[in-house]
Amino acid sequence: HEIYEARRLLESGLLLSLANTLTPAQVDELETHLREEHDAMHRGDRARAVQLSGDFHLKLAAMSGNPFMQRYMQEIVGRTAMLVALFEDAAPACGLAEHHDIVDALRQRNGPLAARMGTVHLALVETRLRGIEHAAPAAVDLVGLVQAHLRVRARRTTARGRAAAPAKAPARHAAKKAARPTAKG
């Protein structure tokens, strides 16, 4: 799973850096986020808990102030969060405890510990997913699922563009029809 290897490398560097730069207000913001994760999990709102779990990592990237880090994290978290949402039943509870470990290390300004906790967290997520993959290899095509997810996301993006201008859609179809070559042409 190369994506998790890349994510571990990216996030460990992010956490190492954040331990030296986070303000007390940003640590408070992370703790508030963890309470929201906890509340969603205990309400039984798994979809929201998984979303918040992914948002935790995006929040860390945003706190770096680095737009490249934010962009890469958005891409990589988006790809891995879908796998977690589909296959990892224990994700919210386990991930929440692991997120607390990360925030505790950041609060202590212990970069090496924060990086290690982040690496452990992602390794555990990957291990939980691999257990599912190995349990039923014929039933789970992770690459196929990721590709399907990306196709759906691309369609949604295209559909949002069309929804923003509903009056133009019929005209575009008429223009395509008019531009088609005819036998008379």
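Per chain, residues are indexed from 1 in the order of the written sequence. Only residues with pLDDT of at least 70 get local features here, since the model is predicted, and only at 80 or more are side-chain atom pairs given and counted; chain-wide, interface and lining totals rely on the full set of residues. To obtain the side-chain values, all non-hydrogen atoms of the structure were used and water was disregarded.

A.B. asks: Would you mind going over the overall build of the protein in detail, with residue names and values included?
C.D. replies: Tallying secondary structure elements over the protein gives eight helices and zero strands in all. Only DSSP runs of H or I reaching four residues or more are called helices, and only runs of E reaching two or more are called strands; each is numbered from the N terminus. Its helices and strands taken in sequence order, the protein reads α-α-α-α-α-α-α-α from the N to the C terminus. We call two residues in contact when some of their heavy atoms are within 4.5 Å. At a minimum sequence separation of 6, the contacts of the protein that also span at least 24 residues come to 77%. For the protein, the computed accessible surface area is about 10900 Å², with 58% contributed by carbon and sulfur atoms. Accessible surface area values rest on a Shrake-Rupley calculation with a 1.4 Å probe, where residue burial reflects the displayed protein chains alone.

A.B. asks: Help me get a handle on helix H2 (residues 24–43), residues and values and all.
C.D. replies: Any helix carries an expected span of 1.5 Å times its number of residues minus one. With 20 residues, H2 should reach 28 Å at 1.5 Å per residue; the first-to-last C-alpha distance of 29 Å fits that figure. Positive backbone phi, at 80 degrees, marks Gly44, one or two positions downstream of H2.

A.B. asks: How would you explain the pattern of salt bridges if you had to name every residue and give the values?
C.D. replies: Take a side-chain nitrogen of Lys or Arg and a carboxyl oxygen of Asp or Glu: if they are within 4 Å of each other, that pair is a salt bridge. Here the structure, examined in full by the defined rule, presents seven salt bridges. Among the salt bridges present, the one from Glu31 reaches Arg107, with a minimum N-O distance of 2.2 Å. Pair noted here: Glu31 is in helix H2 and Arg107 is in helix H5 (residues 91–107), with a separation of 76 residues, a long-range link. Ionic pairing is found between Arg79 and Glu75, a salt bridge with its closest N-O pair at 3.2 Å. With a gap of four residues between them, Arg79 and Glu75 both fall in helix H4 (residues 67–87), about one helical turn apart.

A.B. asks: Lay out helix H3 (residues 46–64) with the relevant residues and their values.
C.D. replies: The end-to-end C-alpha distance of H3, which contains 19 residues, comes to 28 Å, matching closely the 27 Å that a straight helix rising 1.5 Å per residue would cover. Positive backbone phi, at 75 degrees, marks Gly65, one or two positions downstream of H3.

A.B. asks: Which residues make up the nonpolar core, and what are the values?
C.D. replies: Take the buried Ala, Val, Leu, Ile, Met, Phe, Trp, Tyr and Cys residues and link them wherever side-chain atoms come within 4.5 Å; each set so joined is a nonpolar core. Only protein chains enter the accessibility calculation, which uses a 1.4 Å probe. A residue is then buried if its area is under 20% of the maximum for its type, exposed if over 50%, and partly exposed in between. Residues Leu30, Leu60 and Leu106 are the most contacted members of the largest nonpolar core, which totals 22 residues. When residues of this core are traced back to their parent elements, those giving at least two are helix H1 (2–21), H2, H3, H4 and H5. For this core, the leading source of residues is H5, giving five residues. Discounting residues that sit within four places of it in the chain, Leu60 has contacts with Leu14, Leu15, Leu18, Leu30 and Leu106. Grouped together as the second largest cluster of nonpolar side chains are seven residues, Tyr4, Val50, Leu83 and Val84 included.

A.B. asks: Just give me the short version of the packing of aromatic side chains, but keep the residues and values in it.
C.D. replies: Think of it this way: a Phe, Tyr or Trp ring, Trp meaning its six-membered ring, pairs with another when their centres are within 6.5 Å, and the plane angle makes it stacked under 30 degrees, edge-to-face over 60, tilted otherwise. The full count for this structure, using the stated rule, is zero aromatic pairs. Two limits define a charge over a ring: the Lys NZ or Arg CZ must be within 6 Å of the ring centre, and within 35 degrees of the ring normal. Stacked on the ring of Tyr72, the Lys or Arg Arg71 has its end atom at 5.3 Å from the ring centre.

A.B. asks: An account of the packing of H1 against H3 is needed here, citing residue identities and associated values.
C.D. replies: Contact geometry for H1 and H3: axes closest at 10 Å, N-to-C directions at 50 degrees. Classified by the angle between their axes, H1 and H3 sit oblique to one another. When the axes of H1 and H3 are compared, the crossing they make is left-handed. Where H1 abuts H3, its residues Arg7, Glu11, Leu14, Leu15 and Leu18 lie against His57, Leu60, Ala61, Met63 and Ser64. Under the grouping applied here, Gly and all other residues not named as nonpolar or charged are polar, the nonpolar ones being Ala, Val, Leu, Ile, Met, Phe, Trp, Tyr, Cys and Pro and the charged ones Asp, Glu, Lys and Arg. In terms of residue class, the contact of H1 with H3 is built from six nonpolar, two polar and two charged. To obtain an axis, a line is fitted to C-alpha atoms, over the contacting stretch when the element is a helix, and the angle between two such axes runs from 0 to 180 degrees between their N-to-C directions. Any angle from 65 to 115 degrees is called roughly perpendicular, while one under 35 is roughly parallel, one over 145 is roughly antiparallel, and all others are oblique. Handedness of a helix crossing follows the sense of rotation of the near helix relative to the far helix, less than a right angle counterclockwise being left-handed and clockwise being right-handed.

A.B. asks: Tell me about the confidence of the model for the protein, and name the residues and values.
C.D. replies: Overall, the prediction assigns the protein a mean pLDDT of 77, with 65% of residues at 70 or greater. Across the protein, the element-wise mean pLDDT spans from 42 in helix H8 (residues 168–179) up to 96 in H2. Confidence scores per residue from the predictor, reported as pLDDT, run from 0 to 100. Counting contacts from residues 133–142, a segment whose pLDDT is below 50, to residues more than four positions away or on other chains yields seven contacts. Taken together, the stretch residues 163–185 has pLDDT below 50 and engages in one contact with residues farther than four places along the chain or on a different chain.

A.B. asks: Summarise the environment of Ala123; cite the residues concerned and give the values.
C.D. replies: Of note, Ala123 is situated in helix H6 (residues 111–135). Taking the relative accessible area as the measure of exposure, Ala123 reaches 28% and is therefore partly exposed. Residues Ala123 and Glu5, 118 residues apart in the sequence, show an inter-C-alpha distance of 8.6 Å.

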